[in-house]
Structures are given as structure tokens and as C-alpha cells.
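Structure at a glance
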Amino acid sequence: RGSDGRSLGRSDGIERRNKALKLVEDWAAAHGRPFQVSYTVPTSASGLEPSGVAILQNAIANGTRVDVVDIMAFDYYDKVTTDMGTAAINATNGLIAQLHALYPAKTPAQLDAMVGVTLMPGLDDYPKKTENTTVAHAQQVAGYASSHGFNTLSIWAIQRDNGGCPGSTGSNDCSGIVQNTWDFSHVLEPFAGP
């Protein structure tokens, strides 16, 4: 988010990117090459923010196939979210409802197969330290993702998957919680996608 999120509101850049992706999709199809488009976008605790919806609407308008919408299930900054596992699940359910509105011809299974979830291990950037994704939350989301046939389940980022800095928020190299090294990775390892 922050300065990295500025591109989310630049409609001219979104338009150029979706047109370029459509060209590559057409080329890949003509040459028998696999090509997948995955958008990783911010989310609220109830589904995509308007900027994410606008990206998908533009993709549809340009005939760009979007295979995966991967929500970043953290950094809500809404002053109320504390159960990060339930919030991530609620966000995916909101995303699925939004995808249904955008792609009404797709079946529920096809929509589920478009869903990706990226969790941030431990304390995210929210300075109040109330947005804490625990290993138990990761287990909860992994179970939900597996049972619903989601496409992607990951963490932001693997170098955070250790307990080297208890109490630190948004660190680049540790989770900010007490945990063993690779606890989150081990929870997500069995996830196989659709």
C-alpha cells in the first residue's frame, strides 16, 4: 500500500497493462504457450477495494483473461479487525461475490479457482499491533482454501517466517511474533491449489 499503491489509481497505466496482457495472452495462445495472469491486490476485510474492482473491470473491457485474483489479506487499517483468520476468509467470500458480479457466466467452482490469498505472518504494518496473523490463523485459512479449491495460498514474505523480532510491526525479516522458523511455511506446504 502507501506509495506502492499509487499505481492502483492510475487508470491510464491500468489500461496499458491490460492491453499489453491481452497481446501476450493472444500470442501465447497462438503459439501453444501457457500463460497465466494473476493480479495481487489490496483488500478490505470484506472484499476488494474499489481500486481492485476497477482493475478487473478494465481487464474485462479489454478482453484480458484474469486467471487469479490474489488478495493481500493484511494491512486493513480499519481500527476493528483483530481476528486475521476470519478476516481473510470474509475477504475471500467478499471477493467471490465480486467475481460473480464481474464474471456471471462462471460457476462457483470456477470462481473459487480464481481466488488467491496472501497472508502476512505475524504483525503487519498497522502500528497499533492489533493485526496479528498467527500460525493458527494460517491453519484456518489453509483449511478453508483447500476445501474451496482456491488457486493460490502464500505468505508475504518468506524471510518474515521466523520469530526473531517479537513485538516489531511490519518488519522485512521477521514476523514480530513468537514462533519457530518456517512455522507458516510448514502450514502452507500441503496446499496444492485446485
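See the structure shown above.
Description of the structure in this document. Bear in mind the structure is a predicted one, so any value in this text is a computation, not a measurement.

1. What about the packing of aromatic side chains?
Inspection of every chain in the model, using the stated rule, returns 3 aromatic pairs. Judged by centre distance (6.0 Å) and plane angle (55°), the rings of F74 and W156 are tilted. Here W156 lies in the loop between β7 (152-155) and α6 (183-188) and F74 lies in the loop between β3 (68-72) and α3 (84-102), a separation of 82 residues in the sequence. Judged by its relative accessible area of 42%, W156 falls in the partly exposed class.

2. Details of the side chain of T64
Within the secondary structure layout, T64 lies in the loop between α2 (50-61) and β3. In terms of polar contacts, T64 uses its side chain to reach the backbone carbonyl oxygen of N18, at 2.8 Å.

3. Points about the state of the cysteines
As enumerated under the stated definition, the model contains 1 disulfide in all. The disulfide bridge from C165 ends at C174, spanning 1.9 Å between sulfur atoms. An S-S torsion of about 110° defines the bridge between C165 and C174 as right-handed. Taken as a pair, C165 and C174 share a single burial class, namely buried.

4. Notes on the pattern of salt bridges
Tallied over the full model, the rule gives 4 salt bridges. Between R16 and D12 there is a salt bridge, and its shortest N-O distance comes to 3.8 Å. Of this pair, R16 and D12 both sit in helix α1 (residues 11-30), 4 residues apart, which is roughly one turn of that helix. Assessed through its relative accessible area of 55%, R16 is described here as exposed. For D12, a relative accessible area of 46% gives the class partly exposed. The partner of R65 in a salt bridge is D67, and the shortest N-O contact between them spans 2.7 Å.

5. Here we look at the environment of K128
With respect to the helices, strands and loops of the structure, K128 is situated in the loop between β5 (122-123) and β6 (132-133). The class for K128 is exposed, based on a relative accessible area of 58%. Sequence separation between K128 and L56 is 72 residues, and the spatial gap between their C-alpha atoms is 32 Å.

6. So, unusual backbone geometry
Along the chain, W156 connects to A157 via a cis peptide bond; the corresponding omega equals 0°. Looking at the secondary structure, you find A157 in the loop between β7 and α6. Positive phi, normally seen in glycine, also occurs at D75, with a value near 55°. Note that D75 resides in the loop between β3 and α3. Phi angles above zero are rare outside glycine, and K79 is one such case at about 70°. Considering the arrangement of structural elements, one finds K79 in the loop between β3 and α3.

Conventions and cut-offs
Residues numbered from 1 in each chain as written. Predicted model: local features only at pLDDT ≥ 70, side-chain atom pairs only at ≥ 80, totals over all residues. Heavy atoms only, no water. Phe/Tyr/Trp six-rings, centres within 6.5 Å; stacked < 30°, edge-to-face > 60°. Helix = DSSP H or I, 4+ residues; strand = E, 2+ residues; numbered from the N terminus. Buried < 20%, exposed > 50% of the residue type's maximum accessible area, 1.4 Å probe, protein only. Polar contact = N/O pair within 3.5 Å; in protein donor to acceptor, adjacent residues only side chain to side chain. Disulfide = S-S within 2.5 Å. Salt bridge = Lys/Arg side-chain N within 4 Å of Asp/Glu carboxyl O.

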